[in-house]
Structures are given as structure tokens and as C-alpha cells.
Amino acid sequence: LRVGILISGGGSNMAALIAAAAPEVFPAEIAVVISNRPDAGGLAKAEAAGIATEVVDHKAHADRASFDAALDAALAAHGVDFVCLAGFMRLLTEGFVNRWRDRMINIHPALLPLFKGLHTHQRAIEAGVRFHGATVHFVRFGMDEGPIIVQGAVPVLAADTADSLAARVLGVEHQIYPLALRLVAEGRTRIVDETVVVDGTGE
Ligand code: GRF
């Protein structure tokens, strides 16, 4: 499986995927990292790891369809057949999402379907939930929608701030994203009635 990782920022999830995929035995290889922002810190991390990088600057495109077409061209140029969104902060067009149906996954810093959208850690604290976490899911059109592959939960502590909770969740993100990619790359996930069935679950 040749994977393209799309980022917008620091790329810590991208770095976790690159590290996990480094051993030959991992069933996928990271072919390219693409950022919509030229100044994304993750680009330097990818280059340091010897991974090809591309910038597709959304500001250089008149509309979403043009941006998504440029994304597709960059992905095709690197022979990508699977996409991982990792801290990618753009909404993709329905056409793009449909072209990559069941071949594109995302990580969201909440236990979906709770807390779709932004500022999830502050919202979790304000809601008084006792557990929070992260979700890796197949991307469907509609923000943070799609069949769930893996989730990781963390406790919310009384003294937590959005930052302390975010840090705890990020640690779980870096574990569940490589696991989810491995399960998909090993062909152990099936989507039945928009629900992911994982074969051979012994995890
Ligand atoms: C993380 O909370 C991730 O879940 C969200 O963006 C944040 C930063 O991710 N998508 P990264 O460090 O850029 O991977």
C-alpha cells in the first residue's frame, strides 16, 4: 500500500505513521507527505525522515475543486493508493471524498460521534465527560463523519486544562493511528452497513 499523508501543521501524527511504517515488515509505505500550508512544521520532519514532500497551497487555488484537483495530481505523481489525513485542516469536496472512498482515513481528537469539529478538548472539559480520546475513521463527506476503525480513550482529570488533556490524547493518537493503518493495510477491515468489522481482532 503506497500511502500519502496530508498535513497542515506540526505533523506529530504524520511522524508517528512514518516511524511505524519504517520497518520492512509494516504492510504499507509512506510515499509522500503533502501540506496545504508551505510553512507546516511537518514538512521538515518528513524531509528529515527521507520522505518526499509536496506543497499544494490552498491560497493558490480559486476554489475547492481546483485545490482538490491539484491534490489528486500530487497524489498520482507519487503513485499513492491510500490517503491518511493527519492534522489536515481543510474540508474536502464531495468529489474528492468519493474518489477516495474507503481509501482515505482521518484522525479526530475526540471519541466520535462526540465532539465533531474544533476545540474538542475544551468542549470535553466543559461537558464534564470522564473519558475523552481519539478516533481513526474512514472519511465520508461531512466533517468528522465516517465508519470508525479504532478509538483510544483517556481519563479526564479534575485538574485538566485543554492543553493537558490535549497532550494526553495526542499520546493515544500516536498509538492508534499506526494501528489503524496496519489493520487496513493488512486487509483486516471490512465495512458492513457503514460499520467497520475488524478480522482477527486479538488487539
Ligand atoms: C491533533 O490533535 C490531531 O488529532 C488533529 O490535529 C492535531 C495536531 O495533529 N487532527 P498533528 O500533531 O499535526 O499530527
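Calculation criteria
Residues numbered from 1 in each chain as written. Predicted model: local features only at pLDDT ≥ 70, side-chain atom pairs only at ≥ 80, totals over all residues. Heavy atoms only, no water. Helix = DSSP H or I, 4+ residues; strand = E, 2+ residues; numbered from the N terminus. Rg over C-alpha atoms; globule rule 2.2 N^0.38 Å. Buried < 20%, exposed > 50% of the residue type's maximum accessible area, 1.4 Å probe, protein only. Contact = heavy atoms within 4.5 Å. Areas by Shrake-Rupley, 256 points an atom, 1.4 Å probe, with all protein chains shown as cover. Core = buried A, V, L, I, M, F, W, Y, C linked by side-chain atoms within 4.5 Å. Pairing = 2+ DSSP bridges. Axes fitted to C-alpha atoms, helices over the stretch in contact; angles between N-to-C directions. pLDDT = per-residue confidence, 0-100. Polar contact = N/O pair within 3.5 Å; in protein donor to acceptor, adjacent residues only side chain to side chain. Arc of directions from axis to C-beta. UniProt positions renumbered as here; feature names shortened; annotations may be inferred. Parallel < 35°, antiparallel > 145°, perpendicular 65-115°, else oblique. Left-handed = near helix turned anticlockwise from the far one by under 90°. Nonpolar A, V, L, I, M, F, W, Y, C, P; charged D, E, K, R; others polar.

Trainee: Just checking my understanding: could you explain the overall build of the protein chain for this structure?
Mentor: A count of helices and strands for the protein chain gives 6 helices and 9 strands. In terms of C-alpha radius of gyration, the protein chain reaches 16 Å, essentially the compact-globule figure of 17 Å for 203 residues. Its C-alpha atoms give the protein chain principal-axis dimensions of roughly 50 × 40 × 35 Å. Counting every position in the protein chain, which comprises 203 residues, the buried fraction comes to 45%. Within the protein chain, contacts between residues at least 6 apart in sequence are counted, and of these 60% link residues at least 24 apart. Of the roughly 9300 Å² that the protein chain leaves accessible, carbon and sulfur atoms contribute 56%.

Trainee: Even after reading the chapter, I still don't get the nonpolar core, so can you show me in this structure?
Mentor: A general tendency of soluble globular proteins is for nonpolar side chains to be buried together. Ranked by size, the top nonpolar core spans 40 residues in total, and within it Ile-5, Cys-84 and Ile-149 carry the most contacts. Examining the composition of this core, we find that 9 residues originate from one element, helix H6 (residues 162–185), more than from any other.

Trainee: What is the right way to read the sheet that holds strand E6 (residues 131–138) from this model?
Mentor: Strands pair in a sheet through their backbones, by hydrogen bonds, and they do so in one of two ways: parallel or antiparallel. In space, the 7 strands of this open sheet follow the order E3-E2-E1-E4-E5-E6-E7, with mixed pairing throughout. Where the open sheet ends on each side, the last strands, each with one partner, are strand E3 (52–55) and strand E7 (148–155). Within the sheet, the average angular offset between the axes of one strand and its neighbour, ignoring direction, is 20 degrees. Alignment of strand E1 (residues 2–7) against strand E2 (residues 29–35), held across 6 bridges, turns out to be parallel. What sits directly across from Val-3, in E2, is Ile-30. On the sheet, H6 packs against E1, E2, strand E4 (82–85), strand E5 (104–108), E6 and E7 and is oriented at approximately 155 degrees with respect to E7.

Trainee: Sorry, what's going on with the confidence of the model for the protein chain here?
Mentor: Caution applies to low-pLDDT parts of the model: their predicted coordinates are not meant to be read in detail. Overall, the prediction assigns the protein chain a mean pLDDT of 96, with 99% of residues at 70 or greater. The ipTM value of the predicted complex is 0.91, and its pTM value is 0.96.

Trainee: What is the right way to read the side chain of Thr-135 from this model?
Mentor: Tracing the chain through its elements places Thr-135 in strand E6. At 2.6 Å, the side chain of Thr-135 and the backbone oxygen of Ala-110 are in polar contact.

Trainee: Sorry if this is basic, but what is going on with helix H2 (residues 41–48) here?
Mentor: Three- or four-residue spacings in an α-helix give side chains the same orientation, since the helix completes a turn every 3.6 residues. Regarding H2, the residues found buried are Gly-42, Leu-43 and Ala-46. Down the axis of H2, the smallest arc covering the buried residues is 105 degrees, so these residues share one side. Buried residues along H2 sit against E1, helix H1 (12–21), E2 and E3. Looking one or two residues beyond H2, the residue adopting positive phi is Gly-50, at roughly 80 degrees.

Trainee: For this particular structure, what's the right way to read the UniProt feature "domain: Formyl transferase N-terminal" (unreviewed entry) in the protein chain?
Mentor: Mapped onto the present numbering, the UniProt feature "domain: Formyl transferase N-terminal" (unreviewed entry) falls on residues 2–181. Between the end C-alpha atoms of residues 2–181 the distance is 11 Å, and the span holds 37% helix and 23% strand.

Trainee: So what exactly am I meant to see when it comes to the environment of Gly-146 here?
Mentor: Here Gly-146 lies in the loop between E6 and E7. Expressed as a C-alpha distance, the spacing of Gly-146 and Glu-194, which sit 48 residues apart in the sequence, is 7.6 Å. Beyond its immediate stretch of four places on either side in the chain, Gly-146 contacts His-137, Phe-138 and Arg-140.

Trainee: Hey, could you run me through the packing of helix H5 (residues 120–127) against H6 in this one?
Mentor: Helices that pack against each other are described as a pair by the angle of their axes relative to one another and the distance between those axes. Remark: H5 packs on H6, axes separated minimally by 8 Å, with the N-to-C direction vectors making an angle of 115 degrees. Comparing the axis directions of H5 and H6 gives the class roughly perpendicular. Considering how the two elements wind past one another, H5 and H6 form a crossing that is right-handed. For the pair H5 and H6, contact is made by His-121, Gln-122, Ala-124 and Ile-125 and by Ala-162, Leu-165, Ala-166 and Val-169, respectively. Broken down by class, the residue content of the contact of H5 with H6 amounts to 6 nonpolar, 2 polar and no charged.

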